[in-house]
Amino acid sequence: MMTSADRTLHWGDVLAQRWLALQGWTVDDHPQLYQQIRQLSLDIDQGHTCLPLSGPPAAPIGAASLQQPQPVVHDQQALYLWRHWAQEHQLARNLRRVLQARVPAVEVPGQTALNALQQHALQQATRHALTLITGGPGTGKTYTLSWIVKALVEQQPDLRIASITRPGCAPM
């Protein structure tokens, strides 16, 4: 049964057709690659950044390069739009830089108001430049964060702290 999505020209169709044309190919020359690029666009619409491949792409695609952008790139068994691939690599470089940063030692006495996992999060946050705190609703993430901020600001009053949450999450 054909759905309306099957009858509608998707931006991935246009991307795939234009990219193939830039290579001097047609959809008939590389139908499987056309489908891979189209599927990449559908996956991007669902929030993914790449299309994992079980083998090489269906036709030769240039290796990903920050110096030579191209619409579609292949890197480590996946197809990417170059923009997403470049952003992912920039984020990885920035995270490596932050993780390698030295932070001044902060002494934090044990807090009886925190459970064992919250105390562990507090200890880790005072020893590392980056800390991720995750958990389901009601697990004490915001409460733990308040203790982390309190401990850090007590030791370093001029400290700048960044907190990122998605919309609908508890603000700090």
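Residues numbered from 1 in each chain as written. Predicted model: local features only at pLDDT ≥ 70, side-chain atom pairs only at ≥ 80, totals over all residues. Heavy atoms only, no water.

## Some remarks on the overall build of the protein
Helix and strand content of the protein: six helices and three strands. Reading the secondary structure of the protein in the N-to-C direction produces α-α-α-β-β-β-α-α-α. Every one of the 172 residues in the protein was classed for burial, and the buried ones make up 30%. (Helix = DSSP H or I, 4+ residues; strand = E, 2+ residues; numbered from the N terminus. Buried < 20%, exposed > 50% of the residue type's maximum accessible area, 1.4 Å probe, protein only.)

## Re the packing of helix α5 (residues 116-125) against helix α6 (residues 141-155)
Taken N-terminus to C-terminus, the directions of α5 and α6 make an angle of 35°; their axes are 9 Å apart at the nearest point. Note that α5 runs across α6; the crossing there is right-handed. Each of Gln-118, Ala-121, Leu-122 and Ala-125 in α5 lies in contact with α6, whose residues at this interface are Tyr-143, Thr-144, Trp-147, Ile-148, Ala-151 and Leu-152. A class-by-class count of the residues in the contact of α5 with α6 yields eight nonpolar, two polar and no charged. (Axes fitted to C-alpha atoms, helices over the stretch in contact; angles between N-to-C directions. Left-handed = near helix turned anticlockwise from the far one by under 90°. Contact = heavy atoms within 4.5 Å. Nonpolar A, V, L, I, M, F, W, Y, C, P; charged D, E, K, R; others polar.)

## Topic: helix α4 (residues 82-100)
A rise of 1.5 Å per residue sets the reference length of α4, with its 19 residues, at 27 Å; its end C-alpha atoms lie 27 Å apart and thus fit the reference within 8%. For α4, the complete set of buried residues consists of His-84, Trp-85 and Ala-86. Looking at the buried positions of α4, the neighbouring elements they touch are α3 (31-45), β2 (72-74) and β3 (78-81). (Expected span 1.5 Å × (residues − 1).)

## A closer look at the pattern of salt bridges
Applying the stated criterion across every chain yields a total of two salt bridges. Between Asp-13 and Arg-38 there is a salt bridge, with its nearest N and O atoms 2.7 Å apart. In this pair, Asp-13 sits in helix α2 (residues 11-22) while Arg-38 sits in helix α3, placing the two residues 25 residues apart along the sequence. By the burial criterion, Asp-13 is buried, and Arg-38 matches it. (Salt bridge = Lys/Arg side-chain N within 4 Å of Asp/Glu carboxyl O.)

## Examining unusual backbone geometry
With a phi close to 50°, Gln-76 is a non-glycine residue in the positive phi region. Topologically, Gln-76 is positioned in the loop between β2 and β3. Residue Gln-76 is classed as exposed on the basis of its relative accessible area of 71%. Of note in the backbone geometry, Gln-77 takes a positive phi value of approximately 60° without being a glycine. Tracing the backbone shows Gln-77 in the loop between β2 and β3.

## Notes on the pairing of β3
In β3, alternate side chains face the same way, and those of Ala-78 and Tyr-80 on one face and Leu-79 and Leu-81 on the other are all buried. Of the pairings in the sheet, the one linking strand β1 (residues 50-52) to β3 comprises three bridges and is antiparallel in character. Pairing of Pro-52 across the sheet is with Ala-78, part of β3. Of the strand pairs in this sheet, β2 and β3 are connected by three bridges, and their pairing is antiparallel. Within the sheet, the bridge partner assigned to Val-72 lies in β3 and is Leu-81. Taking the residues that link successive antiparallel strands as the turn, the β2-β3 hairpin has three residues, and the phi of Gln-76 there is positive, at about 50°. (Pairing = 2+ DSSP bridges.)

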